[in-house]
Amino acid sequence: KNAQGDLVTVAGDQLLCKDITKNSVRSPFEKDVLQNLESAETLLDYTLSRLGINSDRLQHAVLMTEGVCTPNFARGRMSEVLFECYGAPKVAY
């Protein structure tokens, strides 16, 4: 949380610039199942920017890995993020 008490989502080297405690760090996953879409978007933004992909839409298909027996709703949520937020033409798991 920031000084105003709002939750702040950071990823990668942004963590080095923040004064945070270990107890306040949370993953977008709980038991390997995607639960927090906002955090997942932040991680995808960070990953794509580090790869040098700065366009509004992805030009290539996306290959995602996931844990064994991941529920269909979690896959659907990630697909929704990739298609709606990043304009991915195809997604494979």
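Structure first, text after, so check above.
Now for a look at the structure at hand. (Residues numbered from 1 in each chain as written. Predicted model: local features only at pLDDT ≥ 70, side-chain atom pairs only at ≥ 80, totals over all residues. Heavy atoms only, no water.)

So, about the overall build of the chain. If you tally the helices and strands in the chain, you get 2 helices and 4 strands. When its helices and strands are written in sequence order, the chain yields β-β-α-β-α-β. Contacts in the chain between residues far apart in sequence, at least 24 positions, make up 66% of those at least 6 positions apart. (Helix = DSSP H or I, 4+ residues; strand = E, 2+ residues; numbered from the N terminus. Contact = heavy atoms within 4.5 Å.)

Another aspect to go through is the environment of Tyr93. Residue placement: Tyr93 occurs in the segment after strand E4 (91-92). For Tyr93, a relative accessible area of 33% translates into the label partly exposed. Look past the residues within four positions of Tyr93 in its chain and what remains in contact with it is Met64, Glu66, Arg75, Met78 and Ser79. Separated by 3.2 Å, the side chain of Tyr93 and the backbone oxygen of Arg75 make a polar contact. A polar side-chain atom of Tyr93 sits 2.8 Å from a polar atom in the side chain of Ser79. (Buried < 20%, exposed > 50% of the residue type's maximum accessible area, 1.4 Å probe, protein only. Polar contact = N/O pair within 3.5 Å; in protein donor to acceptor, adjacent residues only side chain to side chain.)

Here we come to the nonpolar core. Buried together is how nonpolar side chains tend to be arranged in soluble globular proteins. In terms of nonpolar packing, the biggest core is built from 12 residues, these being Leu34, Ala40, Leu44, Leu48, Leu58, Val62, Met64, Met78, Val81, Leu82, Tyr86 and Ala88. Every element with two or more residues in this core is listed here: helix H1 (37-50) and helix H2 (72-86). Filtering out sequence-adjacent residues up to four positions away, Tyr86 remains in contact with Glu41, Leu44, Asp45, Leu48, Asp56, Arg57, Leu58 and Val81. (Core = buried A, V, L, I, M, F, W, Y, C linked by side-chain atoms within 4.5 Å.)

Between side chains of opposite charge, pairing is possible as soon as their charged atoms come close. Counted by the stated rule, this structure contains 1 salt bridge. Ionic pairing is found between Glu66 and Arg75, a salt bridge with its closest N-O pair at 2.3 Å. For Glu66, a relative accessible area of 32% corresponds to the partly exposed category. On the accessibility criterion, Arg75 (32% relative accessible area) is partly exposed. (Salt bridge = Lys/Arg side-chain N within 4 Å of Asp/Glu carboxyl O.)

Here the focus is the environment of Val62. Inspection of the secondary structure puts Val62 in strand E3 (residues 62-63). Classification of Val62 by relative accessible area gives buried; the value is 16%. Residues Val62 and Ser79, spaced 17 residues apart in sequence, show a C-alpha to C-alpha distance of 9.8 Å. When neighbours within four sequence positions are excluded, Val62 is seen to be in contact with Leu82, Ala88, Lys90, Val91 and Ala92.

The next thing to look at is unusual backbone geometry. We note that Asp32 has phi near 65°; this positive angle belongs to a residue other than glycine. Secondary-structure assignment places Asp32 in the loop between strand E1 (29-30) and strand E2 (33-34). By relative accessible area, which is 65% here, Asp32 ends up exposed. Of note, the phi angle at Cys69 is positive, near 65°, even though the residue is not glycine. With respect to the helices and strands, Cys69 occurs in the loop between E3 and H2.

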